[in-house]
Amino acid sequence: MAFFDTLKQNLMTASQVTMDKAKNTAEILKLKDQIRQDKREIRSATYKIGEIYRELHFENYEEAYEDCFQRIDRLEQAIEWKEDALKNLKQED
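Source: prediction; values computed, not measured. (Residues numbered from 1 in each chain as written. Predicted model: local features only at pLDDT ≥ 70, side-chain atom pairs only at ≥ 80, totals over all residues. Heavy atoms only, no water.)

A. Fine view of the overall build of the protein. If you tally the helices and strands in the protein, you get 2 helices and 0 strands. Its C-alpha radius of gyration of 29 Å places the protein more than 25% over the 12 Å reference for a compact globule of 93 residues. Counting only C-alpha atoms and orienting by the principal axes, one finds that the protein spans roughly 85 × 45 × 15 Å. The 93 residues of the protein split such that 2% are buried. When the accessible area of the protein is evaluated, it comes to approximately 9100 Å², of which 57% is carbon and sulfur surface. (Helix = DSSP H or I, 4+ residues; strand = E, 2+ residues; numbered from the N terminus. Rg over C-alpha atoms; globule rule 2.2 N^0.38 Å. Buried < 20%, exposed > 50% of the residue type's maximum accessible area, 1.4 Å probe, protein only. Areas by Shrake-Rupley, 256 points an atom, 1.4 Å probe, with all protein chains shown as cover.)

Have a look at this one:
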């Protein structure tokens, strides 16, 4: 009987170790997901700050932002051109 008691104890210990590892893994995944979500929210808030700043200072921005404003203007013009090209292509169909 000692053999079966030892076997039973070993199985219970292995089972507990496996459950602890699974619980730990689940907690790690949960925390990583929360970190990703927090980083998404930070990016979203940062983007919103940039949008608000741009709206408020479109004509009068600090020199440090000049490259950014010019880049945005170029990209908006490119988007507008591409949207017009798409419309033209769709009309040809």
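On we go from here.
B. Main features of the pattern of salt bridges. Within the structure shown, the criterion is met by 4 salt bridges. Lysine 48 is the salt-bridge partner of glutamate 51, the closest N and O atoms lying 3.7 Å from each other. Note that glutamate 51 and lysine 48 are positioned in helix H1 (residues 2-56) at a spacing of 3 residues, about one turn of the helix. The exposure class assigned to glutamate 51 is partly exposed, which follows from its relative accessible area of 29%. (Salt bridge = Lys/Arg side-chain N within 4 Å of Asp/Glu carboxyl O.)

C. Spotlight on the packing of aromatic side chains. Applying the stated rule across the entire model yields 3 aromatic pairs. On the numbers, 4.7 Å between centres and 40° between planes, the contact of tyrosine 53 with tyrosine 65 is tilted. Within this pair, whereas tyrosine 53 is found in helix H1, its partner tyrosine 65 is found in the loop between H1 and helix H2 (66-92), the two being separated by 12 residues in sequence. We classify tyrosine 53 as buried; its relative accessible area is 18%. Plain terms: the ring middles of tyrosine 61 and phenylalanine 69 are 4.2 Å apart, the flat faces sit at 5° to each other, and that makes the pair stacked. Here tyrosine 61 falls in the partly exposed class, since its relative accessible area comes to 28%. (Phe/Tyr/Trp six-rings, centres within 6.5 Å; stacked < 30°, edge-to-face > 60°.)

Limitation: the analysis is restricted to geometry and does not speak to function.
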